[in-house]
Protein chains: 2
Amino acid sequence: MPKATSTKRKTFRHGDLRNALLAAGLEMARKGGPDAVVLREATRQVGVAPNAAYRHFANQADLLDAVRSACISQLAAAIEAELAAVKAGRDKKLYARRSLMAVGRAYLCFAMREPGMFRTAFSVIPDIHGDNKANTASLGLNPFQLLSMALDRMLDAGLLSKKDRQGAEFLAWSSVHGLALLKLEGPLHAMPVEAIEALGERLVQMVERGISQ
Amino acid sequence: MPKATSTKRKTFRHGDLRNALLAAGLEMARKGGPDAVVLREATRQVGVAPNAAYRHFANQADLLDAVRSACISQLAAAIEAELAAVKAGRDKKLYARRSLMAVGRAYLCFAMREPGMFRTAFSVIPDIHGDNKANTASLGLNPFQLLSMALDRMLDAGLLSKKDRQGAEFLAWSSVHGLALLKLEGPLHAMPVEAIEALGERLVQMVERGISQ
DNA sequence: GGCGTATTGTGAACACTGTCCACATACCGT
DNA sequence: ACGGTATGTGGACAGTGTTCACAATACGCC
């Protein structure tokens, strides 16, 4: 009974089912956030029986985790692009400041542009056995490492003492992350994006000023 | 006379079903976060048929929203208590600074002490028709308004210019909120609470320094 | 007091989800 | 060629939110 199940596939084997499911899941996450990535719907879109997913993912949490990883990669790529746009001139301090600014802005812009992906990226409580292999973009760096890079430039430029540099990632990250989430799934939901972006500018300046003792 | 026994009630009418369901939901949120508040389970604990809930809540989102509101009230109460502990001495600047510190610390402490409630408090995208009636504690102020109070003291003490005061709530709030969420449902999940609290201290200092231009 | 009526809880059902089992199929190395 | 194994199917189960028709109760009005 080789009745091709209602959709396109001709061969019994799909050939690339894992990736297809992941792509479907990613799209669902993109336009609906983490709660929208539902296993059965993914199989339906791909044109395959629900159980087929279990040959490639342990369960839906596993699928969601893969989607989440992809989302983080996209975020990393966005930051990387913005960071690449700032060129190292002769003024090291300016360079450093612009780098930090770029990371913060890219982070927020991504959150505004791709709310579903952003929320998905940080929706799941990550496993302790965190294998952050795939959380990277072309440079092979995840968002956290890109932020670290910018902060290192601040250290190099003498804008940050060695002591203040320690753990500075978390301070900067928290600020921007908080604003993004207050907008995306918090009480700032109704605030227009322009206002958020204006706040973002002030926020990054605040971090820059306040981060050094 | 209808007694709300947790096991089996005598009367047909419950008498206080709405509150009972809300209490059950709040407890589930407390020990499992927003995803743990499930309508059927609440009715089961109260000893009532699932449909009975629909006489008091439009749907489970409505129930969850009520639970969320209760969580915010608890957060407000925690902040209020910490804020009440700082006394106004002769040094207005110290008073203001300690007030801001207290709000930030209370916010983070609550997040660490009651992760389920905290996550629930900010899990739902709030309705635009925000009726923030119940989001308050004894003072009748929600967390945002308490933060505003602390910032007003900064303004009074001359630690903040009028211009910098505008929208400063969002800057301070974002920072602390971000740290809390990075810990509770983000990549900082594995970081020990002591480290988070140490970061919190630094964070509030950063805000204090960076918030004024 | 008695009775009609709106309020509140019940029972059965539906659609949907994740997940498991046994089975069928197609590919692959020997 | 053929048997083993990876991969997909069908059918089932528990659990969820939700709706409909119905039953029991409390309350107001005469």
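For clarity, every value in this text was computed on a predicted model and none was experimentally measured.

A.B. asks: I'd like to hear about helix α6 (residues 143-156) of chain A, residue by residue, with values.
C.D. replies: All names here are of chain A. Between its terminal C-alpha atoms α6 stretches 20 Å, which fits the 20 Å expected from 14 residues at 1.5 Å a residue. Pro143, Leu146, Leu147, Ser148, Ala150, Leu151, Arg153 and Met154 are the residues of α6 that are buried. On the buried face of α6, the contacting elements are α3 (60-84), α4 (92-113), α7 (162-165), α8 (168-185) and α9 (193-210). Positive backbone phi, approximately 80°, marks Gly158, located one or two places after α6.

A.B. asks: Quick one: what's the story with the relation of the copies chain B and chain A, residue by residue and with numbers?
C.D. replies: Take chain B, turn it by 180°, move it 0.0 Å along the axis, and it overlays chain A with an RMSD of 0.1 Å. Expressed as an axis order, the relation between the two copies is that of a two-fold axis. Same-surface contact between copies: 100% of interface residues of chain B are shared with the interface of chain A.

A.B. asks: Break down the pattern of salt bridges for me, citing the residues and quoting the values.
C.D. replies: What the rule picks out here adds up to 22 salt bridges over all chains. Put simply, Arg105 of chain B and Glu82 of chain B hold a salt bridge, and the shortest N to O gap is 3.5 Å. One end of the pair, Arg105 of chain B, is in helix α4 (residues 92-113); the other, Glu82 of chain B, is in helix α3 (residues 60-84), and 23 residues separate them in sequence. Here Arg105 of chain B falls in the partly exposed class, since its relative accessible area comes to 31%. With relative accessibility at 30%, the residue Glu82 of chain B sits in the partly exposed group. One connected set of salt bridges, linked through shared partners, spans Glu27, Arg30, Lys31 and Glu114 of chain A.

A.B. asks: Before we move on, could you go through the interface of chain B and chain A and cite the residues and values that matter?
C.D. replies: The parts lose accessible area when they come together, and the size of an interface is often stated as this lost area. Taken together, the contacts link 37 residues of chain B with 37 residues of chain A. Approximately 3200 Å² of surface area, both sides summed, lies buried where chain B meets chain A, with 69% of it carried by carbon and sulfur atoms. The largest share of the area that chain B buries against chain A comes from Leu171, Arg202 and Met206 of chain B, three residues that together contribute 18% of it. The interface formed by chain B and chain A contains zero salt bridges. Here chain B and chain A share eight residue pairs in polar contact (both at pLDDT 80 or more) between them. Elements that contribute at least two residues to the side of chain B that touches chain A include exactly α7 (162-165), α8 (168-185) and α9 (193-210) of chain B. With 13 residues, the top contributor of residues to the side of chain B that touches chain A is α8 of chain B.

A.B. asks: Lay out the protein's contact with DNA strand C in plain terms, naming residues and giving numbers.
C.D. replies: Not every one of the 21 residues close to DNA strand C is listed here, only the nearest: Arg40 and Asn51 of chain A together with Arg13, Asn51 and Arg55 of chain B. Here the atoms of DNA strand C within 4 Å of the protein split so that 52% fall in sugar or phosphate, with bases taking the remainder. Contact distances for DNA strand C include 2.7 Å between a phosphate oxygen and a backbone N or O atom of Leu39 of chain A. The leading source of residues in the surface near DNA strand C is helix α2 (residues 39-46) of chain A, at three residues.

A.B. asks: Can you lay out the protein's contact with DNA strand D for me, pointing to particular residues and giving the numbers?
C.D. replies: Neighbouring DNA strand D are 24 residues; Ala49, Asn51 and Arg55 of chain A together with Arg13 and Arg40 of chain B lie closest to it. Here the atoms of DNA strand D within 4 Å of the protein split so that 49% fall in sugar or phosphate, with bases taking the remainder. Within the side chain of Arg40 of chain B, a nitrogen or oxygen atom sits 2.5 Å from a base nitrogen of DNA strand D. For DNA strand D, a phosphate oxygen lies 2.7 Å from a polar atom in the side chain of Arg44 of chain B. The greatest single-element share of the surface near DNA strand D, amounting to three residues, is contributed by helix α2 (residues 39-46) of chain B. Of the residues belonging to the surface near DNA strand D, the class tally is nine nonpolar, seven polar and eight charged.

So, how was this worked out
- Residues numbered from 1 in each chain as written.
- Chains lettered and ligands numbered in written order.
- Predicted model: local features only at pLDDT ≥ 70, side-chain atom pairs only at ≥ 80, totals over all residues.
- Heavy atoms only, no water.
- Helix = DSSP H or I, 4+ residues; strand = E, 2+ residues; numbered from the N terminus.
- Expected span 1.5 Å × (residues − 1).
- Buried < 20%, exposed > 50% of the residue type's maximum accessible area, 1.4 Å probe, protein only.
- Contact = heavy atoms within 4.5 Å.
- Least-squares fit on C-alpha atoms with pLDDT ≥ 70 in both.
- Salt bridge = Lys/Arg side-chain N within 4 Å of Asp/Glu carboxyl O.
- Buried area = accessible area lost by both parts, 1.4 Å probe.
- Polar contact = N/O pair within 3.5 Å; in protein donor to acceptor, adjacent residues only side chain to side chain.
- Near = heavy atom within 4 Å.
- Nonpolar A, V, L, I, M, F, W, Y, C, P; charged D, E, K, R; others polar.

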